[in-house]
Every structure is written in structure tokens, then in C-alpha cells.
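# Topology and contacts: notes
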Amino acid sequence: MTIRLPDSKGGLRAYEPRPEPLAVTSGTPFTSRTVFSAAHVVADPFADTSPDSPAAVDWDATLAFRRHLWSHGLGVAEAMDTAQRGMGLDWAGAAELIHRSAAEAKAVGGRIACGVGTDQLTDPKSLADVQAAYEEQLALVEASGAQAILMASRALAAVAKGPEDYLEVYGHLLRQASEPVVLHWLGPMFDPALEGYWGSSDLDAATDTFLEVIAAHPDKVDGIKVSLLEAQREIDIRRRLPQGVRCYTGDDFNYPELIAGDDQGFSHALLGIFDPLGPLAAEAVRVLDTGNTAGFRELLDPTVELSRHLFQTPTRFYKTGVVFLAWLAGHQSHFTMVGGLQSARSLPHFARAYELADGLGLFPDPKLAEERMKNLLSLYGVNQ
């Protein structure tokens, strides 16, 4: 059987889907790396909403997807960028997501860390406003029993006048945190409003400020998540971290080499691409646990082409591809997103994502994925 897919030149070409999925099994917890998958939210397709409305979430399907990730040994990074935080999911929705997911994690024994930000602010005027918003969210996450991830703040980027303001706000939050947190540096390719974070558009200067925050409070920083899509910069930062502070790669372009590491260290992982790659990524990390770095790379290296495709410019719309693949894989019954973000990518983009994911064997039921892809194509006028 073949399916006709649009090509980059406006024509159609025949593609023969893979008949069987990749064989993966759930197994024991990881021993060599700590691995989180940032997880998407499933919209309620029957809600009467608009792109400007508060998010309507299908909670049953959203939590079921988290159980899927936990079943393969992955931790869940909740209410992060992948969950459309600030791109369809507001703070009220994120707060409910944190409550529900943290309770579910406790019920099934899954590991969870949750994003702490300032997105309840609509018109920040001062550092005090930003600090208070962070404090509110930090208190909620800690009360839920989840680990906190201090996310980059659009509000802080807007009001901060220089590096000293970042040192002040983050220093206060780290002193207040009851348990070690993860610090998240999200680059402007993911969110243009974060340009110049840490007080400078010069990445070397910004890195120095970032590391100064950590050096002042190493006992309150479990690790850092670096999402700059520059492998060498992450390696350089990783080598400058205080003893005991982990580096969680957020580099969706170069993750296999960063997780594998070198003779001077390695990165753990907190990745949006592990949402669609969950079972395969878990299988690869278990191979790495045995000391078989070559086997790990053999499994994970072929996934980079798909990841680079999903995260292509404009990178912030990668969530559309992530949810699209979750629909094709049968993790949800529809391809609808909060904020109407299913419209953010083109048909050729979807077609290539399908082809790459199918080639990797990511779909548990390849026939279902093919049928759903054909249904989408028919909506665009492509007859099979």
C-alpha cells in the first residue's frame, strides 16, 4: 500500500509506509542519566472556544499521555513550553495542569517537575511585580509536591535593566526555594520575547551572569536546562558548573551527542522532542545504561532529522508537529490544539513529519497513522 504525499515543489509523490513499528519495551528505571520529557496538552475538540479564549483541555487524554511517558521510565516536565505555556495555555490552565499532573504522578509513582514562571502578569511595572509572580507560582508547585523548574520570564526580560536585576530576582527565589530547582535558559528562537535574557544579547556575557547565579547558590540548584540549540555552548557551560549541579540538555538539534557526553562529562535530558520519541528514547537510554554508547547513538542519531524538521524556523511552532504526531500515534482522537495552533505548520511540513516518524517506527499502529494522514490530506483536497 502507498500513500501520496505532497512534495516541496507542489506535486505529489508515492510513499510506502512501514508495515511494523519499532519493537520497544518498558523496563527498569534509568541508572546513568536523569531524563525528562516535556509533555504537550490535549485540547478539548468540542469546546466552543476561539484562539483568544482560555484553554479548554481534555484532562483524561492529557493525563493518559503522561502515564504513557511514565510507563517507559521517563520523567515528565510539566507546564513547560511544550504544553503551550504562553502560547494558548494561560496561568490558570497551567495551575490546574500542575495540580492534576502532580497528583497523577504521586498515584503512579512517576517523576515530575513543573514550570514556574510569571505568565499571570499582564502589565509588569517593576522587579517586585516579577518577583511576586514567581513566588506565587513557586509556592503552588512546591505545595503540589513537584520539583520546580524556574522558567525564563518574558516579564523579567521586559523590566530588567541589566544583569544585576537578574541576579537579584533569581537570588531571592533560590534562597526562598525549599528544595533544589532546575534553572531554565530558553533562547529567543523558542520565544522572541526572551531576547537579551540574563541582561545581554551577547551570549558570552549572558552565560557569565547565568553561571554567577548558580555559583552563588549551588545547594539550591539541582541542575540547568539549556535550550540554545548550540551544542558547543552547552558543553562549555556544562564544564563550568559547580560540582553536583547537573546539565539537562534542552538542545533538540544535538541531543544524542550531548547525552552521550565525552571524557569530561555528559548532559542529562529535558527535551520536547522526547514527547513523540518517548519509547524509543527510553530504549536508547537503557542501552546507554549498559555502557554501550555506540548502541545508544545507533538508536537515537536517526531521530535527529525528525527533530530538526519539527523544530525548524519558526522554532516556537514545534508544538504543532508534536501534537500532530501524538494524533497519528493514537494518543489522542483528534488533531486540535489550544489556541488553534494546529494551523501553524503547512501540509508539506506535516507530510514530511509523517514520513520521518513512520520511517523510525514511532507509530504503534502504522495503519491507523496512515489512515489519519490520508484523512488530513483529503481535507486539503488530496485524493488517494
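For the structure, check the block above.
Right, let's walk through the structure included here. All values reported here derive from a predicted model rather than from experimental measurement.

Tracing the chain through its elements places Leu 270 in strand 10 (residues 268-271). Spatially, the C-alpha atoms of Leu 270 and Phe 46 are 32 Å apart, while their sequence positions differ by 224 residues. Setting aside its immediate chain neighbours within four residues, Leu 270 contacts Phe 36, Ala 77, Ile 149, Lys 225, Tyr 248, Thr 249 and Gly 250.

Time to look at the packing of helix 1 (residues 59-71) against helix 9 (residues 274-289). Contact geometry of helix 1 with helix 9 gives a least axis separation of 9 Å together with a crossing angle of 35°. At the point where helix 1 passes helix 9, the crossing takes the left-handed sense. The residues of helix 9 that touch helix 1, namely those facing Phe 65, His 68 and Leu 69, are Phe 274, Asp 275, Gly 278 and Pro 279.

The next subject is the nonpolar core. Leu 183, Phe 274 and Phe 324 are the most contacted members of the largest nonpolar core, which totals 119 residues. When sequence neighbours within four positions are dropped, the list of residues in contact with Phe 324 reads Phe 335, Phe 350, Ala 353, Tyr 354, Met 373 and Leu 376. By size, the runner-up hydrophobic cluster in this structure holds 10 residues, among which are Ala 113, Ile 149, Val 182 and Leu 270.

Before going further, it helps to examine unusual backbone geometry. Only a minority of non-glycine residues have a phi that is not negative, and only a minority of peptide bonds are not trans. Cis rather than trans, the peptide bond between Thr 313 and Pro 314 has omega equal to -5°. With a phi angle near 55°, Ala 79 is a residue other than glycine that sits in the positive phi range. The phi angle at Leu 229 is positive, at roughly 60°, despite the residue not being glycine. Its place among the elements puts Leu 229 in the loop between strand 8 (221-227) and helix 7 (231-239).

The rules behind these values
All chains use their own residue numbering, which begins from 1 and follows the written sequence. Thresholds applied to this predicted model are a pLDDT of at least 70 for local features of residues and 80 or more for the giving and counting of side-chain atom pairs; totals over whole chains, interfaces and linings are not thresholded and use all residues. Heavy atoms throughout the structure, all of them, feed into the side-chain values; hydrogens and water do not. Working definition: helices are DSSP H or I runs of at least four residues, strands are E runs of at least two. Numbering for both runs from the N terminus. Contact criterion: two residues are considered in contact whenever any of their non-hydrogen atoms come within 4.5 Å of each other. Interaxial angle, 0 to 180 degrees, is taken between N-to-C directions of lines fitted to C-alpha atoms, where a helix line uses only the stretch in contact. In a left-handed crossing the near helix is turned counterclockwise from the far helix by less than a right angle, and in a right-handed crossing that turn is clockwise. Nonpolar cores were defined as sets of buried Ala, Val, Leu, Ile, Met, Phe, Trp, Tyr and Cys residues, with membership established by side-chain atoms within 4.5 Å. Think of it in three bands: with a 1.4 Å probe and only protein chains considered, a residue is buried below 20% of the maximum accessible area for its type, exposed above 50%, and partly exposed in between.

In short, geometric facts, not functional conclusions.
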